[in-house]
Amino acid sequence: MSRDSLVSPGDLTVSQETAAGLPDGRRITRWTFGSPKGVTVEVLSLGARLQAVHAPDRAGRQANVVLGGERAEDLLGEAAFFGATVGRYANRIAGGVLPLDGTTHHLAVQPTGHTLHGGPEGFATRLWDGVPVRADRRVGVRFRLRSPAGDQGFPGALTAEVTYLIDPVGELSITYRAATDAPTVVNLTNHAYFNLAGEGRGTVLDHLLRVEAAGYLPVDGDLIPIGPVEPVAGTPFDLRSARRLGTCVTEQDGQIRRAGHGFDHNWVLDGTGYRRAAVLSHPASGRFVECLTTEPGLQVYTGNHFDGSLTGRSGGRYARHAGVALETQHFPDSPNRPDYPSTLLRPGERYQSKTVYRFGAE
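Counting of residues starts from 1 at the beginning of each chain's written sequence and follows it residue by residue. Owing to the predicted nature of the model, reporting of local features is limited to residues with pLDDT of at least 70; listing and counting of side-chain atom pairs is limited to 80 or more, with chain, interface and lining totals taken over all residues. Only heavy atoms go into the side-chain values, all of them from the structure, while hydrogens and water stay out.

Q: Help me understand the overall build of the protein chain, please; the structure alone is not making it clear to me.
A: The helix and strand labels rest on DSSP assignments: H or I over at least four residues marks a helix, E over at least two residues marks a strand, and numbering proceeds from the N terminus. Helix and strand counts for the protein chain stand at three helices and 29 strands. The C-alpha extent of the protein chain, read off along each of the three principal axes, is 55 × 45 × 40 Å. Working definition: with a 1.4 Å probe on protein chains only, accessible area under 20% of the residue-type maximum means buried, over 50% means exposed, and in between means partly exposed. By the burial criterion, 59% of the 362 residues in the protein chain qualify as buried. Two residues qualify as a contact provided that any one of their heavy atoms is within 4.5 Å of a heavy atom in the partner residue. Of the contacts formed within the protein chain by residues at least 6 apart in sequence, a portion of 64% connects residues at least 24 apart. All accessibility values rest on the Shrake-Rupley procedure with a 1.4 Å probe; residue burial counts only the protein chains present in the view. Element-wise, carbon and sulfur atoms account for 49% of the exposed surface of the protein chain, whose accessible area totals about 13700 Å². None of His or the chain ends enter the tally, which takes Lys and Arg as positive and Asp and Glu as negative. In plain terms, the charge of a residue is placed at NZ if it is Lys, CZ if Arg, CG if Asp and CD if Glu. Positive and negative side-chain charges in the protein chain, numbering 37 and 38 respectively, have mean positions lying 4 Å apart.

Have a look at this one:
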């Protein structure tokens, strides 16, 4: 595969190549950008997807710390959400029912009977248009997608944009924007799974996680929030001080069992505006990633249903808890919960959201 260098501010570079082909003959493009001495990122046009983050440990040894597939059939199948920009609505909408301005819209649903991450053919399955970009001392890629009215049942034609930028010290920013021509709902996030030991190198049960949240949303058997915000105090969801994930997922707690012996829940983040949401660290390697966001919630999913059927880029199979997702977003099922922060977007308004992952080692 040929690789063309496109942007080079200082020691930061962006290059592109053809990564794979789709069954209909269209090509998936991969962009690689960052610093060879620091953090390097790979993104794909399929799903505007974060496919890899190569980060050094405390001794300077590089490893890819993001799970992902390589083959097109995996990226359209079992690995469809891995690292993808998911939408038009991240997380779940109960029963695929979207009430809006007195009209009930029936969305496309998965076999569960609910709409997950925008439906069976959501944004993760689309080829986005990408261009390399440069901003100050950062480089990256900007993706755009046009979602027509009625796409997966959602009203309004939506134009979505996501921009990935990396700086010389390992700060990866992901900025989302969207506009619509009719009232609709929007909730975009990135669905990367992290393993700071390295992709395909065991589980994340030895990782430590801290989440800046005093509340969370309990769920029912279909992982739909069942009510108002509950305090984390006195529960396994109290991550205001860093805790080992292996300890958390073995707690004898009904919510932990309900999610498949782990987390698949939304934390209600403290504060408003751009602030720190979480810190994930791996003591053995020294790697850590700090997550900052403008969003009100953080969905933490500990890969409870990985079963070894998917082979990652390193050639290893992903067993249960092979990675952990830190999905910054609005709350699940908000369109059916007036007490949750609104995800409504009207013509003339602009959806905008920012999340940053700061990678480092100590």
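And the narrative resumes.
Q: Is there a simple way to think about the sheet that holds strand β15 (residues 171-180) in this case?
A: Across a sheet, strands are paired by hydrogen bonds formed along the backbone, either parallel or antiparallel in direction. Taken in spatial order, the nine strands make up an open sheet running β12-β13-β14-β15-β29-β25-β24-β19-β22, and their pairing is antiparallel. Each edge of the open sheet carries a strand with a single partner, namely β12 (129-135) and β22 (243-244). A strand pair is defined by DSSP finding two or more bridges across the two strands. Alignment of strand β19 (residues 208-211) against β22, held across two bridges, turns out to be antiparallel. Each residue of the ladder has a partner; that of L209, found in β22, is R243.

Q: I'm lost on unusual backbone geometry in this one. Help?
A: It is generally the case that most residues other than glycine have a negative phi and that most peptide bonds are trans. The step from G87 to R88 runs through a cis peptide bond, and the omega angle for that step is 15°. Inspection of the secondary structure puts R88 in the loop between β7 (85-86) and β8 (92-93). Notably, D136 is not glycine yet its phi reads approximately 55°, a positive angle. Tracing the chain through its elements places D136 in the loop between β12 and β13 (138-147). In this structure, Q152 is a non-glycine residue whose phi angle is positive, near 55°. Checked against the element boundaries, Q152 lands in the loop between β13 and β14 (158-166).

Q: What's the story with the pairing of strand β26 (residues 297-301) in this structure? I'm lost.
A: Remark: a regular strand shows side chains that alternate across the two faces of the sheet. With respect to burial, β26 is a largely interior element, five of its five residues being buried. Covered by surrounding structure in β26 are G297, Q299 and Y301 together with L298 and V300, the residues of both alternating faces. In this sheet, β26 lies alongside strand β23 (residues 264-269) in antiparallel orientation, the contact comprising five bridges. Paired with W267 across the bridge in β26 is L298. Note that β26 and strand β27 (residues 324-329) share five bridges and pair antiparallel.

Q: Is there a simple way to explain the nonpolar core in this structure?
A: Within this scheme, the nonpolar core is defined by two criteria: the residues are buried Ala, Val, Leu, Ile, Met, Phe, Trp, Tyr or Cys, and they are joined through side-chain atoms within 4.5 Å. By size, the foremost hydrophobic cluster in this structure holds 60 residues, and its most contacted members are V211 and W267. If sequence neighbours within four positions are ignored, V211 has contacts with L239, R240, W267, L269, A277, A278, L298 and V300. Core analysis: the next-biggest nonpolar cluster, separate from the first, contains ten residues, A79, Y301, Y318 and A325 among them.

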